[in-house]
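# Geometric and topological summary
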Amino acid sequence: MRPASRTLADASTAEPAPLDRAKQLAAALLSERGEASGALIARQLHDVLHALDAGDRHGFQRYLATEFRPDKAALRAAAERYLADSTAEAAAALAQAADPPRQELLRRMNMAPGGTGALIEMRSEIGSRLRGEPELKLLDADLKHLLASWFNRGFLELRRIDWQSPAAVLEKLIAYEAVHEIKGWDDLRRRLAPDRRCFAFFHPALPDEPLIFVEVALVEGLATAVQPLLSRDTDEHARRAQAERADTAIFYSISNCQDGLRGVSFGNFLIKQVVEELQAEFPQLRRFSTLSPVPGFRRWLGQELACDRDTNLLRDVAADGWWQDPAQSEKLRPGLMRLCARYLTRPFLPGSRIDPVARFHLGNGALLERINWLGDTAPRAMTESCGIMVNYLYDHDSIAENHEHFVRGEPIVRSPDVDTLLAIRQPREAAPPETGVTMSSTRSYFD
């Protein structure tokens, strides 16, 4: 048996557990010593964090969220001073007292090589836990605040991606495409053909990681369906001729690549700068429009029909392959198109959810131009939006005014075509005499 004194000595000199070591390094990084040698300590901290298992990483994230809060006594004193004397100096002192030490710790963690990417990954990892662990929302808010500052438009670089771009970047396009799956290298090559354009934002801290990218098709007139845009036709000469004839640029896919940057808005800057790039290269372009999904429509439709107890339409849209039956498709078309127009133009009341794609484009000043029947018949599109797609039109002369309409909660700016859909009514069919059912007791989902 080992002497007790030897056991105690061993315990006193033993290496701390990895999670405890990470906490020690975090405290040291925030100390005066950490300020002097921050880059070295930050690197050591990231090395330890990289080696932690998922459970210990979670423990460290909770440690960041629950510790490093503002000093209550100092904050109370600063608040009382401001209430007694509301000067600019008192306001600045209050803001400084309210700034959580956690933000300074995160800033210092960013000094290490790869620190920015590690913090983005941390925010991505805690995202799935926010609902069940509300205390993590403090850490999430601090990360979002700092990332929004570090990823402002002034730091972003717009690059065109083509077939000559580095293979590592092209692989990430395939992996990150979130709207229309890229099915291998041949599919990607078609999307980078002469009548296509792809642009992405990059950041100096992540030089080979696209943050967000947009795919553009150069076409004649408004595209109303996405399948032709995704065709595998690779005739180079025909594609160049198409680009020369094009009068419209269709933004058919916009994908955010970094989940840890959710809520950090730079998609609007991307569209505006891409429009400028395209206008410079193709002066003949006259229209800039999206061909967008309506991912919230099917869920909203189910809720609306359940409230109205319209089981007929619920049954019909749940049937497999209804869109492949021309008669059934035409039967459903008027009602679904009108309901989709209603979904996209309804008032945004407290508690009601606006379609996320509509919110993005309408908030950026686009016009709700056209709603397209069976614009995408891929399985995901049928499940989410009954195959319906939308053209949001970016008209340079009205973008600012449309944006103001949207943020003020005024009626959605839309084309006469959309107003026509809102007015659709399907004629009722007379009930067969032998049923004894009167027209007044019959309800159609086209009403």
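Everything numeric in this text was worked out from a predicted model, so none of it was measured. (Residues numbered from 1 in each chain as written. Predicted model: local features only at pLDDT ≥ 70, side-chain atom pairs only at ≥ 80, totals over all residues. Heavy atoms only, no water.)

## What about the overall build of the protein?
A tally of regular secondary structure across the protein gives 21 helices and seven strands. The C-alpha radius of gyration computed for the protein amounts to 28 Å, which surpasses the reference 22 Å derived for 447 residues by more than 25%, pointing to a less compact arrangement than a globule. Judged by the C-alpha coordinates and their principal axes, the protein covers about 100 × 65 × 60 Å. By the burial criterion, 43% of the 447 residues in the protein qualify as buried. Nonlocal contacts in the protein, meaning residues at least 24 apart in sequence, comprise 73% of its contacts between residues at least 6 apart. As presented, the protein carries roughly 23400 Å² of accessible surface, and 53% of it is formed by carbon and sulfur atoms. Seen as two clouds, the 56 positive and the 63 negative side-chain charges of the protein have centres 3 Å apart. (Helix = DSSP H or I, 4+ residues; strand = E, 2+ residues; numbered from the N terminus. Rg over C-alpha atoms; globule rule 2.2 N^0.38 Å. Buried < 20%, exposed > 50% of the residue type's maximum accessible area, 1.4 Å probe, protein only. Contact = heavy atoms within 4.5 Å. Areas by Shrake-Rupley, 256 points an atom, 1.4 Å probe, with all protein chains shown as cover. Lys, Arg positive; Asp, Glu negative; His and termini not counted. Charge placed at Lys NZ, Arg CZ, Asp CG, Glu CD.)

## Quick word on the side chain of S289
Secondary-structure assignment places S289 in strand β5 (residues 287–290). Within the structure, S289 has its side chain in polar contact with the backbone oxygen of Y392 (distance 3.4 Å). Those residues in contact with S289 that lie beyond four places of it in its chain are L222, A249, I250, F251, N391, Y392 and L393. (Polar contact = N/O pair within 3.5 Å; in protein donor to acceptor, adjacent residues only side chain to side chain.)

## What about the pattern of salt bridges?
One pass over the structure, following the stated rule, counts 30 salt bridges. We note a salt bridge from E135 to R62, for which the minimum N-O separation is 2.4 Å. Highlighted residues: E135 in the loop between α9 (115–127) and α10 (136–150) and R62 in helix α5 (residues 54–66), separated in sequence by 73 residues. For D195, the salt bridge identified is with R190, shortest N-O distance 3.0 Å. Within this structure, E177, D187, R191, E215 and R232 form a network of salt bridges that share partners. (Salt bridge = Lys/Arg side-chain N within 4 Å of Asp/Glu carboxyl O.)

## Description of the packing of helix α16 (residues 311–318) against helix α17 (residues 326–345)
At a closest axis distance of 11 Å, the pairing of α16 and α17 adopts a crossing angle of 115°. The crossing of α16 and α17 is left-handed. Contacts between α16 and α17 involve L313, D316 and V317 from the former and Q328, K331, L332, L336 and L339 from the latter. A per-class count over the contact of α16 with α17 returns five nonpolar, one polar and two charged. (Axes fitted to C-alpha atoms, helices over the stretch in contact; angles between N-to-C directions. Left-handed = near helix turned anticlockwise from the far one by under 90°. Nonpolar A, V, L, I, M, F, W, Y, C, P; charged D, E, K, R; others polar.)

## Considering the packing of aromatic side chains
If you walk through the whole model with that rule in mind, you get eight aromatic pairs. Ring plane angle 80° and centroid distance 6.2 Å describe the contact between W163 and W185, whose orientation is recorded as edge-to-face. Note that W163 is positioned in the loop between β1 (157–160) and α11 (167–176) and W185 in helix α12 (residues 185–191), a separation of 22 residues in sequence. Between R159 and the ring centre of F202, over which it is positioned, the NZ or CZ distance is 3.8 Å. (Phe/Tyr/Trp six-rings, centres within 6.5 Å; stacked < 30°, edge-to-face > 60°. Lys NZ or Arg CZ within 6 Å of the ring centre and 35° of its normal.)

## Some details on the state of the cysteines
Evaluated as defined, the whole model comprises zero disulfides. The thiol of C340 is not disulfide-bonded; the next cysteine sulfur, from C386, is found 8.4 Å away. (Disulfide = S-S within 2.5 Å.)

## Some remarks on the nonpolar core
Core analysis: the biggest nonpolar cluster contains 94 residues, and F60, F151 and L278 have the highest contact counts within it. Examining the composition of this core, we find that eight residues originate from one element, α17, more than from any other. For F60, the residues in contact, after removing those within four places along its chain, are L19, A22, K23, A26, L45, L49, M109 and M122. Membership of the second largest hydrophobic core comes to twelve residues, among which are I161, L173, A200 and F213. (Core = buried A, V, L, I, M, F, W, Y, C linked by side-chain atoms within 4.5 Å.)

## Notes on the confidence of the model for the protein
Mean pLDDT over the protein stands at 89; residues scoring 70 or higher make up 90%. Predicted confidence for residues 427–447 stays below pLDDT 50, and this span has 31 contacts to residues more than four positions away or in other chains. (pLDDT = per-residue confidence, 0-100.)

## Re the environment of D85
Tracing the backbone through its elements, the reader meets D85 in the loop between α6 (72–84) and α7 (88–98). Through-space distance from the C-alpha of D85 to that of D195 is 64 Å; in sequence the pair is 110 residues apart.

## Considering α5
With 13 residues, α5 should cover 18 Å at 1.5 Å per step; its first-to-last C-alpha distance of 18 Å lies within 8% of that length. Within the span of α5, buried status applies to H58, F60, Q61, Y63, L64 and A65. Those residues of α5 that are buried are in contact with α2 (18–30), α4 (38–51), α8 (101–109), α9 and α10. The opening residue of α5, the one whose side-chain oxygen lies 3.2 Å from the backbone nitrogen of G55, is D53. In the stretch just after α5, F68 is the one whose phi turns positive, near 60°. (Expected span 1.5 Å × (residues − 1).)

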